[in-house]
Amino acid sequence: MPDIAVNEQKQQILSGVVRTLLEDLKSGNGDKDRRRQVEEWMRTLAEKYPEFKIEVGLRDYYLAEAQRLRADFDKASELTEKLMLGRSIESFLDRAGEYERRMADRV
């Protein structure tokens, strides 16, 4: 019995950490490198803890990041910068689509 309580407590603690980090990603907190580190860890945890619905959070993060980059694209004046931003937007949308497909395959 005590093992169950300890496991539940561990799950609650980690779930809170994951939820907070996913929200931070989605809102664009931190610099690009830190977000990338969090993203990588979340991808690892998504496989290990499917019950946390991390894939949904990552999909939402990728969509939010694409929207942020789209705003930067609108402000850009140089063609080279627009090209770079366009490619980044496509990459984030591709990743969001991949997570959407993964979730649909599991249903």
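Here, every reference points to the structure presented above.
Here's a quick rundown of the structure. (Residues numbered from 1 in each chain as written. Predicted model: local features only at pLDDT ≥ 70, side-chain atom pairs only at ≥ 80, totals over all residues. Heavy atoms only, no water.)

1. Description of the overall build of the chain
And step 1. Counting its regular elements, the chain contains four helices and zero strands.
And step 2. Secondary structure elements of the chain occur, N-terminal to C-terminal, as α-α-α-α.
And step 3. In terms of overall dimensions, the chain has C-alpha extents of about 65 × 30 × 15 Å along its principal axes.
And step 4. In the chain, buried positions account for 30% of the 107 residues.
And step 5. Across the chain, contacts joining residues at least 24 apart in sequence account for 58% of those joining residues at least 6 apart.
And step 6. Surface summary for the chain: the accessible area is close to 7600 Å², and the carbon and sulfur share equals 52%. (Helix = DSSP H or I, 4+ residues; strand = E, 2+ residues; numbered from the N terminus. Buried < 20%, exposed > 50% of the residue type's maximum accessible area, 1.4 Å probe, protein only. Contact = heavy atoms within 4.5 Å. Areas by Shrake-Rupley, 256 points an atom, 1.4 Å probe, with all protein chains shown as cover.)

2. Examining a nonpolar patch on the surface
And step 1. A surface patch of nonpolar side chains, about 280 Å² in accessible area, is lined by Ile13, Val17 and Trp41.
And step 2. The residue Val17 is located in helix H1 (residues 2-27) in this model.
And step 3. The class for Val17 is partly exposed, based on a relative accessible area of 35%. (Patch = residues over 30% accessible without salt bridge, like charges linked within 9 Å, V, L, I, M, F, W, Y side chains within 5 Å. Salt bridge = Lys/Arg side-chain N within 4 Å of Asp/Glu carboxyl O.)

3. Comments concerning the nonpolar core
And step 1. Within the largest apolar cluster, 22 residues are counted, with the highest numbers of intra-cluster contacts made by Val18, Leu22, Leu25, Met42, Ile54, Leu58 and Tyr62.
And step 2. Broken down by element, this core gets its largest block of residues, six residues, from helix H3 (residues 54-75).
And step 3. In this view, Val18 contacts Met42, Leu45, Phe52 and Ile54; residues no more than four positions away in its chain are not counted. (Core = buried A, V, L, I, M, F, W, Y, C linked by side-chain atoms within 4.5 Å.)

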